[in-house]
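Breakdown of the fold
Listed below are the residues making up each chain.
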Amino acid sequence: MRSNQTHPQRSRSFDAASLGSTVSMLSGREKDCCEDCGSCKCCSRRCVCISVFVLLGLAIMAAAVALAIIFGIPQRTPVNRYCTSNNMTGYLCDDRVTCIPASSVCNGISNCANGEDENSEICTDLPKNLPAYLIFKCGNPQFWIYIDEKCNDINNCGDCSDEVGILANCPSCGANWWPCTSVFYEYCKCIPRSLCRDGVQHCTDWSDEYKCTP
Ligand SMILES: [Ca+2]
Ligand SMILES: [Ca+2]
């Protein structure tokens with residue numbers, strides 16, 4: 001009877017298969033613990049270390065977000081390209097020196113050295129993406145022109161709203177122009193003096209043929 005007795009502790013100590021199974025089981029439990037450490041009391045030192053690193057990373061991210069909110073997220077500042085040349089509003093090229101006429105922007109020709117005046121960022125969906133200082137809204141809001149086409153004595157809007165009236169607020173005719181109401185669609189309140197006394201009526205009052213001198 002004595003020989004059939006077994007010692008429980010001794011038997012477990014030398015049962016390699018049983019030991020391997022236990023280690024394997026414990027490893028699985030550790031893994032489970034790492035995945036859900038908060039609800040498990042068996043966290044190993046490794047699990048605690050991983051959790052600390054994760055929490056540290058989250059804390060750093062939260063601090064970065066807080067600093068960005070407090071001090072403001074740096075944003076890309078649009079380049080100011082407003083310039084004037086010969087008293088006309090223009091578009092400043094990348095060289096910060098060349099000022100091209102407004103009507104040279106998005107005209108299909110690279111007038112700036114780097115072609116920035118034809119950049120798709122401003123030339124798509126015209127005139128929506130153009131700087132406001134480059135355009136003039138005509139009396140008919142469906143039409144627009146470049147700002148340098150306002151007060152150039154040419155009827156660019158089609159209804160002369162870019163040449164006559166308070167919207168355009170143009171100065172009087174220049175020295176090379178004769179003031180009159182034009183009979184031609186091309187002009188509005190001034191006609192070129194070169195057309196004076198050419199045998200063709202350009203003014204409603206015929207003043208271009210009887211008063212004007214070239
Ligand atoms: Ca151009
Ligand atoms: Ca005009």
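The rules behind the values
Residues numbered from 1 in each chain as written. Chains lettered and ligands numbered in written order. Predicted model: local features only at pLDDT ≥ 70, side-chain atom pairs only at ≥ 80, totals over all residues. Heavy atoms only, no water. Donors = N, O, S within 2.8 Å, 3.2 Å for Na, K, Ca; no water. Tetrahedral: all angles 85-135°; square planar, octahedral: opposite > 155°, others 65-115°. Helix = DSSP H or I, 4+ residues; strand = E, 2+ residues; numbered from the N terminus. Buried < 20%, exposed > 50% of the residue type's maximum accessible area, 1.4 Å probe, protein only. Polar contact = N/O pair within 3.5 Å; in protein donor to acceptor, adjacent residues only side chain to side chain. Salt bridge = Lys/Arg side-chain N within 4 Å of Asp/Glu carboxyl O. Disulfide = S-S within 2.5 Å. Patch = residues over 30% accessible without salt bridge, like charges linked within 9 Å, V, L, I, M, F, W, Y side chains within 5 Å. Areas by Shrake-Rupley, 256 points an atom, 1.4 Å probe, with all protein chains shown as cover. Pairing = 2+ DSSP bridges. Axes fitted to C-alpha atoms, helices over the stretch in contact; angles between N-to-C directions. Core = buried A, V, L, I, M, F, W, Y, C linked by side-chain atoms within 4.5 Å. Contact = heavy atoms within 4.5 Å. UniProt positions renumbered as here; feature names shortened; annotations may be inferred.

Focus on the coordination of the calcium ion (ligand 1)
Protein-derived ligands of the calcium ion (ligand 1) are Ser104 (O), Asn107 (OD1), Ile109 (O), Asn111 (OD1), Asp117 (OD) and Glu118 (OE), with the metal-ligand distances lying across 2.1 to 2.3 Å. Considering all six donor atoms around the calcium ion (ligand 1), angles at the metal cover 81 to 173 degrees and the coordination shape is octahedral. Binding-site remark: the calcium ion (ligand 1) is held by donors from one chain whose sequence spacing is S-x2-N-x1-I-x1-N-x5-D-E.

A short note on the side chain of Asn155
Topologically, Asn155 is positioned in the loop between β5 (144-146) and β6 (177-179). Residue Asn155 is classed as buried on the basis of its relative accessible area of 8%. A distance of 2.9 Å separates the side chain of Asn155 from the backbone nitrogen of Cys160, its partner in a polar contact. Polar contacts involving the side chain of Asn155 include one to the main-chain carbonyl oxygen of Tyr185, which spans 2.9 Å.

So, the coordination of the calcium ion (ligand 2)
Protein coordination at the calcium ion (ligand 2): the donors are Glu149 (O), Asn152 (OD1), Ile154 (O), Asn156 (OD1), Asp162 (OD) and Glu163 (OE), at 2.2 to 2.3 Å from the metal. Its six donor atoms give the calcium ion (ligand 2) angles of 79 to 175 degrees at the centre, a pattern that matches the octahedral case. Read in sequence order, the donor residues for the calcium ion (ligand 2) give the motif E-x2-N-x1-I-x1-N-x5-D-E. On the accessibility criterion, Asn156 (30% relative accessible area) is partly exposed.

Digging into the pattern of salt bridges
Under the definition given, this model contains two salt bridges. With a closest N to O distance of 2.6 Å, Arg81 and Asp94 form a salt bridge. On the criterion of sequence distance, the pair formed by Arg81 in the loop between α3 (45-71) and β1 (82-85) and Asp94 in the loop between β2 (88-92) and β3 (99-101) is long-range, its members being 13 residues apart. The residue Lys128 makes a salt bridge to Asp125 at a minimum N-O spacing of 4.0 Å. Residue Lys128 shares its accessibility class with Asp125, and that shared class is exposed.

Side note on the state of the cysteines
Taken as a whole and judged by the stated rule, the model has nine disulfides. Residue Cys151 pairs covalently with Cys170 via a disulfide, S to S 1.9 Å. Its S-S torsion of about -85 degrees marks the bond between Cys151 and Cys170 as left-handed, since a negative value means left-handed. Here the residue Cys151 occupies a position in the loop between β5 and β6, and Cys170 occupies one in the loop between β5 and β6, the gap between them amounting to 19 residues. On the basis of relative accessibility, which here comes to 26%, the residue Cys151 falls in the partly exposed class. Linked covalently through their sulfurs, Cys173 and Cys190 form a disulfide whose S-S length is 1.9 Å. Note on the Cys173 and Cys190 pair: the S-S dihedral is about -85 degrees, so by sign convention the disulfide is left-handed. With a gap of 17 residues between them, Cys173 in the loop between β5 and β6 and Cys190 in strand β7 (residues 190-192) connect regions that are remote in the sequence.

So, a nonpolar patch on the surface
Taken together, the side chains of Val54, Leu55, Leu58 and Met61 present a nonpolar region at the surface, about 420 Å² in accessible area. For Leu55, a relative accessible area of 58% puts it in the exposed group.

Some thoughts on the sheet that holds β3
Strands sit in the order β1-β2-β3 across an open sheet of three strands; the sheet is antiparallel. If you trace the sheet from one side to the other, it starts and ends with β1 and β3, each paired once. Each adjacent strand pair in this sheet contributes to an overall mean axis angle of 55 degrees, direction not counted. Where β1 meets β2, four bridges bridge the pair, whose relative direction is antiparallel.

Section: the nonpolar core
Core analysis: the biggest nonpolar cluster contains 19 residues, and Tyr91, Val105, Leu130 and Leu134 have the highest contact counts within it. If you list the elements that add at least two residues to this core, you get β4 (135-137) and β5. In contact with Val105, other than residues within four places in its own chain, are Tyr91, Ile100, Asp117, Glu118, Ile122, Leu130, Leu134 and Tyr146. Among the nonpolar cores identified, the runner-up in size contains eight residues, and Cys180, Cys196, Cys203 and Cys212 belong to it.

Things to note about the UniProt feature "domain: LDLRAD1-like C-terminal" (unreviewed entry) in the protein
Within this structure's numbering, the places UniProt gives as "domain: LDLRAD1-like C-terminal" (unreviewed entry) are residues 171-210. Within residues 171-210, the helical portion is 10% and the strand portion 15%, while the C-alpha atoms at the span's ends are 24 Å from each other.

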